[in-house]
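Report on the structure
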Amino acid sequence: MCQSRVNSLEVPDMLPVVVVHGGAGHIPKERSEKSTEGVCSAVRAGYAVLKRGGSSMDAVVEAVAQLENNPAFNAGCGSVLNMKGEVEMDTIVMDGKTLGSGAVSAVRNIANPVCLARLVMDKTSHTCLTAEGANKFAQSMGVPEVPMESLITEYARMRWRKNLAADAKPVECQMGKMGTVGAVAVDSEGNVACATSTGGMLNKMEGRVGDTPCIGSGGYADNQTGAVSTTGHGEAIMKVTLARLILFHMEQGQSAEAASDLGLAYMKSRVEALGGVVTVDPQGHWAARFSSKQMSWAAAQKDTLHYGLYTGEHFTQSIDEPL
Amino acid sequence: MDLKMSAVLVVHGGAWAIPDELAKASVDGVKTAACEGFSVLKRGGSSLDAVEAAVRTLEDNTVFNAGHGAALNTDGEVELDAIVMDGRTLACGAVSSVQNIANPVSLARAVMEKTSHVMLTSRGANQFAESIGVPTVPTDKLVTEYERKEWEKQKTYVTGVMEDFNSQWAHDTVGAVAVDSAGNVACATSTGGIRNKMVGRVGDSPIIGSGGYADNFSGAVSCTGHGESILKVTLARLILSHIEQGKSVADASRLSLKHMGDRVRGAGGAIVVSPSGQWAATFTTERMAWAAVEHDVLWYGLDPNEKIQEKLAQ
């Protein structure tokens with residue numbers, strides 16, 4: 001019997017891949033462990049979806065929903081409070097195949113705004129619903145309303161109270177102490193998607209909408225180029241339409257990493273603000289880049305978990321091993 | 001060289017299948033607004049002042065779906081969106097779903113100048129308006145009889161916005177772009193949205209990069225048309241990215257609108273001005289009411305390839 005021995009060790013494919021972030025800024029040391037745990041857990045969940053054949057949209061929604069449920073992040077439960085002490089949330093999802101998008105802004109009393117944003121995309125002919133209209137829609141979809149108290153943590157309340165002080169500087173103080181969350185992914189079929197969710201800016205004016213639900217700013221996804229989810233100073237991200245800017249650079253041949261750095265550098269020089277992004281291209285090249293001090297992030301690809309917090313950090317381990 | 005030679009202002013009154021019975025009023029309306037905005041530039045005003053003045057004129061004109069004359073949402077209420085942007089600093093102000101304000105473009109400017117934010121929505125936007133003394137206007141003063149009748153008609157037969165043939169639906173958002181004698185560009189866009197839209201539906205108009213964008217390095221854009229399509233391709237920012245790559249304002253507009261048509265089957269229009277005073281008014285819908293003033297000449301059009309000129313009245 002003649003048997004050819006073939007080395008059947010396969011090099012795992014670049015796809016699928018998912019990258020998540022838990023906010024860019026200055027995360028206090030005592031909260032950084034929870035932040036790292038949170039993004040790693042969320043990326044594992046997103047990766048599991050992809051491995052069983054789920055779409056990139058399913059994966060980013062799963063990852064972000066987990067981060068919304070995690071009180072350590074400024075999204076869903078754990079959201080920062082507006083100046084009245086209330087929670088108003090902004091979210092976006094985008095499908096790179098169709099350029100379909102769903103967003104909600106200033107929505108209240110919903111546990112998972114990312115799921116609601118997806119419903120806007122899937123079940124309406126619109127791409128963005130705001131405030132009471134978003135809540136009415138949620139009701140019509142049978143999405144349960146939750147008491148605002150269930151979304152408010154002691155930490156968020158403490159930060160809010162501190163910022164009510166006359167000499168408080170909310171814009172400086174809030175930067176990333178609690179982070180917007182987001183994810184990008186490419187599935188096995190090469191479809192890209194993004195999702196971003198936030199409680200917004202600490203002590204913001206009622207009805208203030210940041211970059212997150214604004215297509216091209218908080219996120220963008222296009223199968224022809226890639227997907228981006230952003231975090232950082234919202235107003236600045238809007239002024240440079242950061243997500244779309246990074247993808248323009250990629251369209252012109254820059255890598256995911258170089259394009260991300262170019263976009264962030266431009267935001268720093270043109271409007272003097274800091275932030276972070278997670279970026280992916282349809283081939284599975286990814287980047288987690290930030291101009292702020294820190295950004296908690298994690299990626300999963302080829303059964304490997306990658307994560308980091310401080311600039312230059314890049315830890316790797318098998319996805320199945322505990323942290 | 002007379003610096004004022006480079007000052008240009010372009011306005012639009014919406015890209016859609018404007019019916020003949022509204023044609024004259026639409027063209028007259030954009031011409032008046034263009035002259036109004038240009039007079040601001042002539043007396044040395046900034047491009048920001050000029051676009052605000054032009055759009056206010058259009059908001060006050062009931063023939064357009066912005067401010068006075070706005071469309072009604074599915075609950076029979078008025079919800080208005082607007083944006084302004086300053087190309088020099090990239091400062092921006094926007095309001096979405098603000099109710100019963102006569103001039104949302106001015107409220108958007110106030111967000112930009114009086115708050116540390118870029119965008120306010122809904123109740124928060126109305127509270128801000130109140131805090132700065134902007135009066136509320138009752139719905140029946142903003143909405144025309146015609147609009148109310150059309151809304152009632154549509155409620156009986158249609159349950160939503162048709163995806164196909166979206167240029168048939170009224171998209172008479174208004175907008176303006178300008179470059180002043182100092183070379184600063186600015187844009188402004190204002191709308192009442194789609195008739196019978198879902199409560200709280202936000203279209204492209206107040207979303208930076210979609211309804212409008214302005215950057216002294218490339219130019220200013222204001223868009224109109226099928227809002228969801230404009231959002232999906234971030235039309236304003238897309239046009240400027242082509243200009244950044246060296247395309248003319250006209251080619252950048254054409255390419256971007258074609259992309260929107262090909263990729264997401266959306267039709268619309270855009271007005272663009274570059275920092276050096278090049279300008280274009282382009283559309284893929286059946287008609288777009290537009291007007292521009294440059295070198296004391298008033299240009300305007302409605303149908304494709306139409307470009308009529310008139311000497312500006314002194």
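Not measured: the values here are computed from a predicted model.

Right, let's talk about the overall build of chain B for a bit. A tally of helices and strands in chain B yields nine helices and 13 strands. Against the 2.2 N^0.38 benchmark of 20 Å for 314 residues, chain B shows a C-alpha radius of gyration of 17 Å, consistent with a compact globule. Referenced to the eigenvectors of the C-alpha coordinate spread, the extents of chain B come out at roughly 60 × 45 × 35 Å. Taking all 314 residues of chain B together, 65% fall into the buried category. In chain B, of all internal contacts separated by at least 6 residues, the share reaching a separation of at least 24 is 66%. Once the 28 positive and 37 negative side-chain charges of chain B are each reduced to a mean point, those two points are 2 Å apart.

With that out of the way, let us pick up the environment of Asp 211 of chain A. Residue and element names in this part refer to chain A. Following the sequence through the fold, Asp 211 ends up in the loop between strand S7 (208-209) and strand S8 (219-222). For Asp 211, a relative accessible area of 6% puts it in the buried group. In this structure, the C-alpha to C-alpha distance between Asp 211 and Glu 189, residues 22 residues apart in sequence, is 29 Å. Excluding residues that lie within four positions of it along the chain, Asp 211 makes contacts with Ser 217, Gly 218, Thr 230, Gly 234, Ile 237 and Met 238.

Before going further, it helps to spend a moment on the interface of chain B and chain A. Each side of the interface is counted separately: chain B has 49 residues, and chain A has 49 residues. Overall, the association of chain B and chain A removes approximately 3800 Å² of surface from exposure, summing both partners, and the carbon and sulfur fraction of that is 59%. The three residues of chain B that bury the most area against chain A are His 117, Lys 232 and Arg 263 of chain B, which together make up 17% of that side's buried surface. Run the count over chain B and chain A and you get five salt bridges. For the pair chain B and chain A, the interface holds 22 residue pairs in polar contact (both at pLDDT 80 or more). Counting residues per element, the ones that place at least two in the side of chain B that touches chain A are strand S3 (91-98), strand S4 (119-121), helix H4 (122-131), strand S7 (212-215), helix H7 (227-232), helix H8 (235-244) and helix H9 (249-264) of chain B. With five residues, the single largest contributor to the side of chain B that touches chain A is H4 of chain B. Partitioning the side of chain B that touches chain A into residue classes produces 20 nonpolar, 18 polar and 11 charged. Here S7 of chain A runs beside S4 of chain B; their pairing, made up of two bridges, is antiparallel.

Residues and elements named next belong to chain B. With numbering aligned to this structure, UniProt lists the feature "active site" (unreviewed entry) at Thr 173. Within the secondary structure, Thr 173 sits in the loop between helix H6 (145-157) and strand S5 (174-179). According to the relative accessible area criterion, Thr 173 is buried, its value standing at 7%. Thr 173 has contacts with His 12, Gly 13, Gly 14, Asn 65, Thr 189, Ser 190, Thr 191, Ser 205, Cys 223 and Thr 224, leaving out every residue within four places of it along the chain.

With that out of the way, let us pick up the UniProt feature "binding site: substrate" (unreviewed entry) in chain B. On the UniProt side, "binding site: substrate" (unreviewed entry) is annotated at positions that read Arg 201, Val 202, Gly 203, Asp 204, Thr 224, Gly 225, His 226 and Gly 227 of chain B here. Mapping Arg 201 of chain B onto the fold places it in the loop between strand S6 (185-191) and S7. Residue classification places Arg 201 of chain B among the buried positions, given a relative accessible area of 3%. Leave out the neighbours within four places in its chain, and Arg 201 of chain B touches His 126, Cys 128 and Leu 129 of chain A together with Glu 79, Asp 81, Ser 97, Gly 193, Ile 194, Gly 227 and Glu 228 of chain B. Here Gly 227 of chain B is to be found in helix H7.

Two residues of an α-helix separated by three or four positions point the same way, owing to the 3.6 residues in each turn. All names here are of chain A. When the terminal C-alpha atoms of helix H2 (residues 56-69) are compared, their 20 Å separation across 14 residues agrees well with the 20 Å that a helix rising 1.5 Å per residue should span. In terms of burial, H2 is a largely internal element, 10 of the 14 residues being buried. Looking only at H2, the buried set comprises Ser 56, Met 57, Ala 59, Val 60, Val 61, Ala 63, Val 64, Ala 65, Leu 67 and Glu 68. As for H2, its buried residues are in contact with strand S1 (17-25), helix H1 (29-51), strand S2 (89-95), helix H3 (113-123), strand S5 (181-186) and strand S6 (192-198).

With that out of the way, let us pick up the sheet that holds S6 of chain B. Strand order in the open sheet formed by 10 strands is S7(A)-S4(B)-S3(B)-S2(B)-S6(B)-S5(B)-S1(B)-S11(B)-S12(B)-S13(B), with mixed pairing between adjacent strands. Only two strands of the sheet have a single partner each, and these edge strands are S7 of chain A together with strand S13 (308-311) of chain B.

Time to look at the UniProt feature "active site" (unreviewed entry) in chain A. All names here are of chain A. In the numbering used here, UniProt assigns the feature "active site" (unreviewed entry) to Thr 180. Relative to the helices and strands, Thr 180 resides in the loop between helix H6 (170-174) and S5. Discounting residues that sit within four places of it in the chain, Thr 180 has contacts with His 21, Gly 22, Gly 23, Asn 74, Thr 196, Ser 197, Thr 198, Thr 212, Thr 230 and Thr 231.

So, how was this worked out
- Residues numbered from 1 in each chain as written.
- Chains lettered and ligands numbered in written order.
- Predicted model: local features only at pLDDT ≥ 70, side-chain atom pairs only at ≥ 80, totals over all residues.
- Heavy atoms only, no water.
- Helix = DSSP H or I, 4+ residues; strand = E, 2+ residues; numbered from the N terminus.
- Rg over C-alpha atoms; globule rule 2.2 N^0.38 Å.
- Buried < 20%, exposed > 50% of the residue type's maximum accessible area, 1.4 Å probe, protein only.
- Contact = heavy atoms within 4.5 Å.
- Lys, Arg positive; Asp, Glu negative; His and termini not counted.
- Charge placed at Lys NZ, Arg CZ, Asp CG, Glu CD.
- Buried area = accessible area lost by both parts, 1.4 Å probe.
- Salt bridge = Lys/Arg side-chain N within 4 Å of Asp/Glu carboxyl O.
- Polar contact = N/O pair within 3.5 Å; in protein donor to acceptor, adjacent residues only side chain to side chain.
- Nonpolar A, V, L, I, M, F, W, Y, C, P; charged D, E, K, R; others polar.
- Pairing = 2+ DSSP bridges.
- UniProt positions renumbered as here; feature names shortened; annotations may be inferred.
- Expected span 1.5 Å × (residues − 1).

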